[in-house]
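What follows is the residue order along each chain.
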Number of protein chains: 2
Amino acid sequence: MAMEPRLDIIGAALADVSRSQILCALMDGRAFTNKELACVAGIAPQTASAHLKHLQLAGLTSSLRSGRHIYHRIADKNVAGVLEAIAGLSPTDHLRRNGSSRHGGADIFRARSCYNHIAGRLGVLLTERLIDLNVLQLSEGAVVPGDHGNRFFSDIGLPIPSASPAHDPVVKLCLDWTERRHHISGPLATQLMQHAIRAGWLERRRNSRALTITERGYETFDRIFGVNREMIEGGS
Amino acid sequence: MAMEPRLDIIGAALADVSRSQILCALMDGRAFTNKELACVAGIAPQTASAHLKHLQLAGLTSSLRSGRHIYHRIADKNVAGVLEAIAGLSPTDHLRRNGSSRHGGADIFRARSCYNHIAGRLGVLLTERLIDLNVLQLSEGAVVPGDHGNRFFSDIGLPIPSASPAHDPVVKLCLDWTERRHHISGPLATQLMQHAIRAGWLERRRNSRALTITERGYETFDRIFGVNREMIEGGS
DNA sequence: ACAACGATACGATGACGACCGAACCATTGC
DNA sequence: GCAATGGTTCGGTCGTCATCGTATCGTTGT
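Residues numbered from 1 in each chain as written. Chains lettered and ligands numbered in written order. Predicted model: local features only at pLDDT ≥ 70, side-chain atom pairs only at ≥ 80, totals over all residues. Heavy atoms only, no water.

K.L.:
Could you give an account of the overall build of chain A, naming the residues involved and the relevant values?
P.N.:
Each helix and strand in chain A was counted, giving 12 helices and 11 strands. With 236 residues in all, chain A has 48% of them scored as buried. Long-range contacts, defined here as pairs at least 24 residues apart, represent 55% of the contacts in chain A between residues at least 6 apart. When the accessible surface of chain A is summed, it comes to about 10900 Å², and 50% of that surface belongs to carbon and sulfur atoms. (Helix = DSSP H or I, 4+ residues; strand = E, 2+ residues; numbered from the N terminus. Buried < 20%, exposed > 50% of the residue type's maximum accessible area, 1.4 Å probe, protein only. Contact = heavy atoms within 4.5 Å. Areas by Shrake-Rupley, 256 points an atom, 1.4 Å probe, with all protein chains shown as cover.)

Below is the structure:
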């Protein structure tokens, strides 16, 4: 009689520390192999295999085989959005406890990738600056391209994402898990990060979502966005 | 070293059928007592008590005591939104299996409350109609009040929600769990449902999120919104 | 004050699942 | 074909947790 959504199915898929770590590693949008993910979670490959099977059955991940490797990734951006939302709901006590970000803490607080867009302190600072510059503007709690949008993006040589169908906005807001403020996601944010990596402002790392800000990156973010090193590393 | 979000904490809170049922019961926005929720989930009160303790510790629910009763509810609209998003991610195979909606199935498919706004077939039909009538309009994948908005709402005697601060839009889109199409949420949608109940178009039930559509309701939805009984009950 | 009722703490039980060792399957490269 | 490597299956062990019976605590109403 009662025909209710089965929150427990998705819940069970998340209800394990190892699976949580695996999903977090996948949250930067890249695909990883079973062995890499086992290493990230600190478990044996057989166990990771079982976990990935579980995640895939729940529809959270998808796999893609290439030779003798099988790459796993987040199933789609829909799933990524929900996971990010759940992360925003998680208790944060364990964050500031060790490795406080205020004293130049772990790099993952400064800048990290979040399903192909920039998150962390750098992510929210850039977002707020883009709104100040009227490149983006707030509208009814959502964010839309602003008056100076096209001008700005063509100035820095960024291809402007084509207007998408109404159900898939070109830019969205996403609650930053560590900063508790919004950063941008969506196609525009994806292109921005890819451009930042291509241009050598940021560098990905091997087994971490953390992004390294290069010297050129610090210089560029300061000059173009007005976001300087002190703002990124410092307190406020 | 690794400082990642603990998806498993929220996941563990959801990873039980009884807790899932409890949360679903709470998803209509009303508060229930321990005993009522135990009844919904089909478990003993002691077990429900442990579950509610778990949910509260995870920050998903909050309790409020009134006399010898303790009322439990979803912690905030933030949590409600995430839960609805997770429900939209859940597998749907078990839905059409029993009680198909096409053959005039369970009422919960026709109309139900979802954290104080209307969901189910009626919810998505009203939403689409409001967009057609230009009472609401799509903008960059979000939804905002349209040109005929104020006129329409004052016509039916609905107080127009005041424009909220930018971070809390007056109306939002929410993926309907059964219909897989969008319905509206947010303050405007809340007021719409409350008005519909006050005006006798809909009636709440005791222990279910399902809403009963009254005869006056059918007549009104047809006349004002152009949503007739056949559309609500039928296939399409 | 006492009976009734709702909620909770404790203990025991039973089931599910995370984990890894060992063996097996599949693909690559020589 | 054969060794090497990545991935998976199987079986067994251990820990965790959902469940309920019993008992306790708090509030209400008579």
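K.L.:
I'd like a description of the sheet that holds strand 2 (residues 61–66) of chain B, backed by residues and values.
P.N.:
Residues and elements named next belong to chain B. Taken together, three strands build an open sheet; the order of strands is 1-3-2 and the sheet is antiparallel. Every interior strand has two partners, whereas the edge strands, strand 1 (32–33) and strand 2, have only one. Each of strand 2 and strand 3 (69–74) touches helix 4 (residues 45–57); the most contacted strand, strand 2, lies at about 120° to it. (Pairing = 2+ DSSP bridges. Axes fitted to C-alpha atoms, helices over the stretch in contact; angles between N-to-C directions.)

K.L.:
Before we move on, could you go through the relation of the copies chain B and chain A and cite the residues and values that matter?
P.N.:
The two copies are related by a screw operation: chain B maps onto chain A through 180° of rotation and 0.0 Å of translation along the axis, at an RMSD of 0.1 Å. This pairing of chains is accounted for by a two-fold axis. For chain B, the residue whose C-alpha comes nearest the rotation axis is G11 of chain B, separated from it by 2.1 Å. Here 100% of the contact residues of chain B are again contact residues in chain A; the copies associate through an equivalent surface. (Least-squares fit on C-alpha atoms with pLDDT ≥ 70 in both.)

K.L.:
Residues and numbers for the interface of chain B and chain A, please.
P.N.:
The interface of chain B with chain A comprises 44 residues on the first partner and 44 residues on the second. When the buried area of chain B at its contact with chain A is split by residue, M3, L7 and L89 of chain B rank highest and sum to 18% of it. Our enumeration of links across chain B and chain A arrives at two salt bridges. With its nearest N and O atoms 3.3 Å apart, the salt bridge here joins R209 of chain B to E4 of chain A. One can count six residue pairs in polar contact (both at pLDDT 80 or more) joining chain B with chain A. Of all the elements in the fold, those that place two or more residues in the side of chain B that touches chain A are helix 1 (7–14), helix 2 (17–26), helix 5 (77–89), helix 6 (93–97), helix 7 (107–110) and strand 7 (142–145) of chain B. Considering each element in turn, the side of chain B that touches chain A owes the most residues, eight residues, to helix 5 of chain B. Per-class residue counts for the side of chain B that touches chain A are 31 nonpolar, seven polar and six charged. (Buried area = accessible area lost by both parts, 1.4 Å probe. Salt bridge = Lys/Arg side-chain N within 4 Å of Asp/Glu carboxyl O. Polar contact = N/O pair within 3.5 Å; in protein donor to acceptor, adjacent residues only side chain to side chain. Nonpolar A, V, L, I, M, F, W, Y, C, P; charged D, E, K, R; others polar.)

K.L.:
I'd love a proper account of the protein's contact with DNA strand D, names of residues and values included.
P.N.:
Near DNA strand D lie 19 residues; those nearest to it are K35 and S49 of chain A together with S18, Q46 and H51 of chain B. For DNA strand D, a phosphate oxygen lies 2.9 Å from a polar atom in the side chain of K35 of chain A. Contact between DNA strand D and A44 of chain B: a phosphate oxygen at 2.9 Å from a main-chain N or O atom of the residue. Elements with a contribution of two residues or more to the surface near DNA strand D: helix 3 (34–41), helix 4 (45–57) and strand 3 (69–74) of chain A together with helix 2 and helix 4 of chain B. (Near = heavy atom within 4 Å.)

K.L.:
Residues and numbers for the side chain of R110 of chain B, please.
P.N.:
Position of R110 of chain B among the secondary structure elements: in helix 7. At a separation of 2.3 Å, a polar atom in the side chain of R110 of chain B contacts the side chain of D107 of chain B.

K.L.:
Kindly report on the sheet that holds strand 3 of chain A, identifying the contributing residues and their values.
P.N.:
Read across the sheet, three strands follow the order 1-3-2 (chain A) without closing on themselves; strand pairing throughout is antiparallel. This sheet does not close on itself; its edge strands, each paired only once, are strand 1 (32–33) and strand 2 (61–66) of chain A.

K.L.:
Could you give an account of the nonpolar core, naming the residues involved and the relevant values?
P.N.:
A general tendency of soluble globular proteins is for nonpolar side chains to be buried together. Formed by 56 residues in total, the largest nonpolar core has its most connected members in L60 of chain A together with L60 of chain B. Excluding residues within four positions of it along the chain, L60 of chain B makes contact with L89 of chain A together with I10, A13, L14, L23, L55, R73, I74, A75 and V79 of chain B. Grouped together as the second largest cluster of nonpolar side chains are 31 residues, I118, I184, L192 and L202 of chain A included. (Core = buried A, V, L, I, M, F, W, Y, C linked by side-chain atoms within 4.5 Å.)

K.L.:
Explain the environment of G29 of chain B to me, using residue names and the numbers behind them.
P.N.:
Residue and element names in this part refer to chain B. One can find G29 in the loop between helix 2 and strand 1. Considering only alpha carbons, one finds G29 and A75, 46 residues apart in sequence, at a separation of 9.7 Å. Once residues within four sequence positions are removed from consideration, G29 is found in contact with Y115 and N116.

K.L.:
Go over the pattern of salt bridges, please, and point to the residues and values.
P.N.:
Scanning all chains against the criterion turns up 30 salt bridges over all chains. A salt bridge links E179 of chain B to R181 of chain B; the shortest N-O distance between them is 3.7 Å. Exposure remark for E179 of chain B: the relative accessible area of 11% places this residue in the buried category. What you see here is one network of salt bridges that share partners, running through D107, R110, R205 and E233 of chain A.

K.L.:
Please set out the environment of A87 of chain A residue by residue, giving values where relevant.
P.N.:
Its location among the elements puts A87 of chain A in helix 5 (residues 77–89). Overall, the relative accessible area of 4% leaves A87 of chain A in the buried class. Spatially, the C-alpha atom of A87 of chain A lies 8.8 Å from that of D176 of chain A, the residues being 89 residues apart in sequence. With near-sequence residues (within four places) excluded, A87 of chain A lies in contact with W177 and R180 of chain A together with P5 and L7 of chain B.

K.L.:
Give a detailed account of unusual backbone geometry, specifying residues and quantitative values.
P.N.:
Here the phi dihedral of R180 of chain A falls at roughly 60°; this positive angle occurs in a residue that is not glycine. Looking at the element boundaries, R180 of chain A is found in the loop between strand 8 (172–175) and strand 9 (182–185). Even without glycine at this site, N134 of chain B takes up a positive phi of about 65°. Note that N134 of chain B resides in the loop between helix 8 (121–132) and strand 6 (136–139).

K.L.:
Summarise the environment of S208 of chain A; cite the residues concerned and give the values.
P.N.:
All names here are of chain A. In this fold, S208 is placed in the loop between strand 10 (202–203) and strand 11 (212–213). Sequence-wise, S208 and C24 are 184 residues apart; in three dimensions their C-alpha atoms are separated by 9.5 Å. For S208, the residues in contact, after removing those within four places along its chain, are D28 and R30.

K.L.:
I'd like a rundown of the packing of aromatic side chains, residues and numbers included.
P.N.:
All names here are of chain A. Enumeration over the complete set of coordinates arrives at eight aromatic pairs over all chains. Note on W201 and F221: the rings are 5.7 Å apart at their centroids and 75° apart in plane angle, and the pair reads as edge-to-face. Of this pair, W201 sits in the loop between helix 10 (187–198) and strand 10 while F221 is found in helix 11 (residues 215–225), placing the two residues 20 residues apart along the sequence. A centroid spacing of 5.9 Å and a plane angle of 55° characterise the contact between F221 and F225, whose relative ring orientation is tilted. (Phe/Tyr/Trp six-rings, centres within 6.5 Å; stacked < 30°, edge-to-face > 60°.)

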